[in-house]
Amino acid sequence: MNKDLPSKWDVTEDTLHSDCRIFQVHKRCFRRQSDGVEGEFFVLDTNDWVNVLAVTPEQELVMVRQFRYGTKEFSLEPPGGVIENGEDPILAGLRELEEETGFVGTDAHLIGNARPNAAILSNRCFFVLVRDVKKTAELAFDQHEELVTELHSLQNLKAMVENEEITHSIGLNAILKLILHLGL
């Protein structure tokens, strides 16, 4: 055992607590390896997600504004959504981009990923960069979606984050990866 790291925990019991349509709540019992301390924890198991960083030829980022049920507020964020079981994150990102904004583009590739909230969520969110996007398709919202598409200059992203115009944590992670990737 590395003395510089905290002790690992082993799962001793895992039961489904609740199936909530888009995620499952598991009650997991863990035992710490170093001293045998045990505890019960609740973990949300859900599919991986994708955020799309879609850049126009004019160097604008495609963003969506939508109502979020958790905060009961509008949120400005990159388009994205759930990656279906077995779906490639890049293809999922292209699908979500087209469905939510009507934009399509070229040269799609992964620029990173993050754990949305490792304390309670088991999934990760992938960040897909798509270049030279143009609006070519009709919108195809899911039943509970209603989004407004906005274009924002890449040069304004840092100021938007600083001014808290963008507060969605996964969106902030995606934008940080984009800023680092592009050297903005």
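Rules behind the numbers
- Residues numbered from 1 in each chain as written.
- Predicted model: local features only at pLDDT ≥ 70, side-chain atom pairs only at ≥ 80, totals over all residues.
- Heavy atoms only, no water.
- Core = buried A, V, L, I, M, F, W, Y, C linked by side-chain atoms within 4.5 Å.
- Buried < 20%, exposed > 50% of the residue type's maximum accessible area, 1.4 Å probe, protein only.
- Helix = DSSP H or I, 4+ residues; strand = E, 2+ residues; numbered from the N terminus.
- Contact = heavy atoms within 4.5 Å.
- Pairing = 2+ DSSP bridges.
- Axes fitted to C-alpha atoms, helices over the stretch in contact; angles between N-to-C directions.

Draft legend 1. Summary view of the nonpolar core. Within the largest apolar cluster, 19 residues are counted, with the highest numbers of intra-cluster contacts made by Leu53, Leu61, Phe127, Leu157, Ile175 and Leu178. Among the secondary structure elements, those contributing two or more residues to this core are strand E5 (60-68), strand E8 (103-114), strand E9 (125-135), helix H2 (157-162) and helix H3 (169-182). Among the elements that take part in this core, H3 stands out by supplying five residues, more than any other. Sequence-distant contacts of Leu178, that is, excluding residues within four places in its chain, are made with Leu53, Leu61, Ile111, Leu129, Leu154 and Leu157.

Draft legend 2. Looking closely at the sheet that holds strand E6 (residues 73-77). Across the sheet, which stays open at both edges, the three strands sit in the order E6-E5-E10 with antiparallel pairing between neighbours. Looking at strand neighbours, the two that pair on one side only are E6 and strand E10 (147-153), the edges of this open sheet. In this sheet, neighbouring strand axes are inclined to one another by 25 degrees on average, regardless of whether the strands run parallel or antiparallel. Relative to E10, E5 runs antiparallel, the two being bridged by seven bridges. Residue pairing in the sheet places Val62 in a bridge with Leu151 of E10.

Draft legend 3. Broad picture of the sheet that holds strand E2 (residues 24-32). As summarised here, the arrangement of the three strands in space is E1-E2-E3, forming an open sheet in which the pairing is antiparallel. Strands at the two margins of the open sheet, each flanked by one partner only, are strand E1 (9-19) and strand E3 (38-45). Between one strand and the next, the sheet's axes are offset by a mean angle of 25 degrees, whatever the strand orientation.

Function cannot be inferred from these measures alone, as they are strictly geometric.
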